[in-house]
Amino acid sequence: ADEPLVLGIETSCDETGVGIVRGTTLLADAVASSVNDHARYGGVVPEIASRAHLEAMVPTIRRALDTAGVKASDLDGIAVTAGPGLAGALLVGVSAAKAYAWALDKPLYGVNHLASHICVDQLEHGRLPEPTMALLVSGGHSSLLLSSDITSDVRPLGATIDDAAGEAFDKVARVLGLGFPGGPVVDRMAREGDGKAIAFPRGLSNAGDPAYDFSFSGLKTAVARWVEARRRAGEEVPVADVAASFQEAVTDVLTRKAVRACKDNGVDHLMIGGGVAANSRLREMAQQRCDKAGIVLRVPRPGLCTDNGAMVAALGSEMVWRNRAASSFDLSADSSLPV
Ligand code: KG4
Ligand code: ZN
C-alpha cells in the first residue's frame, strides 16, 4: 500500500504551521510565526495569536501544497491539533481543518499536540520504537511521557508543577535584559560562561520528591534574586556566567529525571522534543548521560522541535497507516486536552 499523504495544521500557540507528510517523509513544512508581534509584551498574547492565525491560515496551506507539489485532492487525510493550547488559537486551526476536510471530502484527524511533538522525530530518524520515553520541554510544557502506541497510548509520568522549562528561559532572559524569546539568546550567552560559576537550586531533587515532576519557579526566583543583589551592590552582573549556571541547573534536572524514567520503566529509547530541545547544552548533556546508561537518544533537528505543522501531519499519517478512526465533524478544540 502507498504511504499515507497527510496535511497537518498546527495553531496551538503562536506558530501557524502547515506540514505535508507521506508516511515518514516530510514534503513541506510551512510556518508563519507571530512571535515578533508578541515580543514587546514579553510573552504570547492569546488574542493577537488568534488574529494572526486567521490571517496566515489560508496562505500557509497554499504555500505548503505548492512546496510539496501535491494536489489537495490526493490527500488521504487532514490532521489538526485539537489541544492542548490556547483555546482561541486552536479554534482557528480546527475550523480550517474541518472546512478543508469537508470541502475535499477527506477524513479529519484531531490530534494531541504533545503526541505530535514526539511523533515528529519519525520524519528525521524513521519509525519510533515502542515503547519510547519522551521528554517534552517547551514554553508551554515540561513533561515526561511514556509512549507505548503513539496514536493511542501515551502515558504522562510527570510534568512541571509550576513554570515550563522554556518559560524559565524566557523569564531569566528578561531579568538579564536579553529579550524574548529567551531560550536561543541564553543558549548563545551561556557558551561564553561557566556553568559551575553559581550553584543555582535544582527543583524537586531531594529524596522523597516526586521522581518525574519538575519545578522551575524556585530556580527562576533564585536567579532574579542573585542578579538583583549584584545590581544593588553596584556590581557588574556576569551575564554569561549567570546564563550558563542557570542553563546547567535546568538541563541537569531534565536529563537526570529523563534517564531515571527510562531505567525505572525498562525503556531504552529517549526522545527529546519541544522548543527547549534546541538547547545545545541539553543535547550535549542528554547524549552523555544516555551513552552512559545505554539509552539510544533521539532528538529531531531544532526546526522540527519548535511548533510546526509537520509534526501534526506525521501523527496524522501514522493514524491513517494504523487505520485509526477519523474524528467526527463535531471535533472541538480542547485547551487542556489530555494525552
Ligand atoms: O515548542 P515551542 O516553539 O513553543 C511552545 O509550545 O512553547 O517552544 C518555545 C520555547 C520558548 O520558551 C523558547 O525560549 C524555548 O522554547 N527555546 C529554547 C531554545 N530555543 C527555543 N530554550 C532553550 N534553548 C534554546 N536554544
Ligand atoms: Zn509545542
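Cut-offs and rules
- Residues numbered from 1 in each chain as written.
- Chains lettered and ligands numbered in written order.
- Predicted model: local features only at pLDDT ≥ 70, side-chain atom pairs only at ≥ 80, totals over all residues.
- Heavy atoms only, no water.
- Near = heavy atom within 4 Å.
- Polar contact = N/O pair within 3.5 Å; in protein donor to acceptor, adjacent residues only side chain to side chain.
- Areas by Shrake-Rupley, 256 points an atom, 1.4 Å probe, with all protein chains shown as cover.
- Helix = DSSP H or I, 4+ residues; strand = E, 2+ residues; numbered from the N terminus.
- Nonpolar A, V, L, I, M, F, W, Y, C, P; charged D, E, K, R; others polar.
- Axes fitted to C-alpha atoms, helices over the stretch in contact; angles between N-to-C directions.
- Parallel < 35°, antiparallel > 145°, perpendicular 65-115°, else oblique.
- Left-handed = near helix turned anticlockwise from the far one by under 90°.
- Contact = heavy atoms within 4.5 Å.
- Pairing = 2+ DSSP bridges.
- Domains from an automatic or database assignment.
- Buried area = accessible area lost by both parts, 1.4 Å probe.
- Salt bridge = Lys/Arg side-chain N within 4 Å of Asp/Glu carboxyl O.
- Buried < 20%, exposed > 50% of the residue type's maximum accessible area, 1.4 Å probe, protein only.
- Expected span 1.5 Å × (residues − 1).

### Here's the deal with the site of ligand 1
Turning to step 1, where the next piece is worked out: Surrounding ligand 1, one finds 20 residues, the nearest of these being Gly139, Asp170, Gly183, Asp187 and Asn279.
Turning to step 2, where the next piece is worked out: In the environment of ligand 1, an oxygen atom lies 2.7 Å from a nitrogen or oxygen atom belonging to the side chain of Asp170.
Turning to step 3, where the next piece is worked out: Measuring from an oxygen atom of ligand 1, one finds a backbone N or O atom of Gly183 at 2.9 Å.
Turning to step 4, where the next piece is worked out: Protein contact buries 90% of the 550 Å² of open area that ligand 1 shows by itself.
Turning to step 5, where the next piece is worked out: Elements with a contribution of two residues or more to the shell around ligand 1: helix H6 (165-175) and helix H7 (182-190).
Turning to step 6, where the next piece is worked out: If one sorts the elements of the shell around ligand 1 by residue count, H7 sits on top with 4 residues.
Turning to step 7, where the next piece is worked out: Broken down by class, the residue content of the shell around ligand 1 amounts to 5 nonpolar, 12 polar and 3 charged.

### Remarks on the packing of helix H8 (residues 217-232) against helix H9 (residues 239-265)
When two helices pack together, their arrangement is given by the angle between the helix axes and by the axis-to-axis distance.
Turning to step 1, where the next piece is worked out: With their axes 11 Å apart at the nearest point, H8 and H9 run at an angle of 165 degrees to one another. One element, H8, and the other, H9, form an angle in the roughly antiparallel class. As H8 runs across H9, the sense of the crossing is right-handed. Facing Leu219, Val223, Trp226 and Val227 of H8, the residues of H9 in contact are Val242, Phe246, Ala249 and Val250.
Turning to step 2, where the next piece is worked out: Of the residues assigned to the contact of H8 with H9, the class counts are 8 nonpolar, no polar and no charged.

### Focus: the pairing of strand S3 (residues 25-33)
Turning to step 1, where the next piece is worked out: Examined bridge by bridge, strand S2 (residues 15-22) and S3 share 8 bridges and lie antiparallel to one another. Bridge pairing in S3 places Val21 opposite Leu26.
Turning to step 2, where the next piece is worked out: Joining the antiparallel neighbours S2 and S3 is a turn of 2 residues, in which Gly23 adopts a positive phi near 60 degrees.

### Re the domain arrangement of the chain
Turning to step 1, where the next piece is worked out: As far as domains go, the chain holds domain 1 (5-120 + 308-321) and domain 2 (132-302).
Turning to step 2, where the next piece is worked out: Measuring from the centre of the C-alpha atoms in domain 1 to the corresponding centre in domain 2 gives 27 Å.
Turning to step 3, where the next piece is worked out: Facing 16 residues of domain 1, the contacting portion of domain 2 comprises 14 residues.
Turning to step 4, where the next piece is worked out: Taken over both partners, the interface formed by domain 1 and domain 2 buries close to 1300 Å², and the fraction arising from carbon and sulfur atoms is 81%.
Turning to step 5, where the next piece is worked out: When the buried area of domain 1 at its contact with domain 2 is split by residue, Leu114, His117 and Ile118 rank highest and sum to 44% of it.
Turning to step 6, where the next piece is worked out: Here domain 1 is connected to domain 2 by 0 salt bridges.

### What about the pattern of salt bridges?
Turning to step 1, where the next piece is worked out: Counted under the stated rule, the structure contains 18 salt bridges.
Turning to step 2, where the next piece is worked out: Between Glu124 and Arg301 there is a salt bridge, and its shortest N-O distance comes to 3.5 Å. Residue Glu124 is found in helix H5 (residues 122-125), and its partner Arg301 is found in the loop between strand S10 (296-298) and helix H11 (302-305); the two are separated by 177 residues along the sequence.
Turning to step 3, where the next piece is worked out: By relative accessible area, which is 32% here, Glu124 ends up partly exposed.
Turning to step 4, where the next piece is worked out: As a salt-bridge pair, Glu235 and Arg230 come within 3.2 Å of each other at their nearest N and O atoms.

### Section: H9
Turning to step 1, where the next piece is worked out: Look at H9: 39 Å from first C-alpha to last across 27 residues, which is about the 39 Å you get at 1.5 Å a residue.
Turning to step 2, where the next piece is worked out: Counting buried residues in H9 gives 20 out of 27 residues, a clear majority hidden from the surface.
Turning to step 3, where the next piece is worked out: Backbone geometry just downstream of H9 places Gly266 in the positive-phi region, at approximately 65 degrees.

### Focus on the sheet that holds strand S8 (residues 153-159)
Turning to step 1, where the next piece is worked out: The mixed open sheet is built from 5 strands, whose spatial order is S8-S7-S6-S9-S10. Lying at the two open borders of the sheet, with one neighbouring strand each, are S8 and S10. On average, each strand axis in the sheet is inclined to that of its neighbour by 25 degrees, with strand direction left out of account.
Turning to step 2, where the next piece is worked out: Across 3 bridges, the pairing between strand S9 (residues 269-273) and S10 is parallel. Its bridge partner being in S10, Met271 is matched across the sheet by Arg298.
Turning to step 3, where the next piece is worked out: In the packing of H9 onto the sheet, contacts are made with strand S6 (132-137), strand S7 (142-149), S8 and S9, and the angle to S6 comes to roughly 160 degrees.

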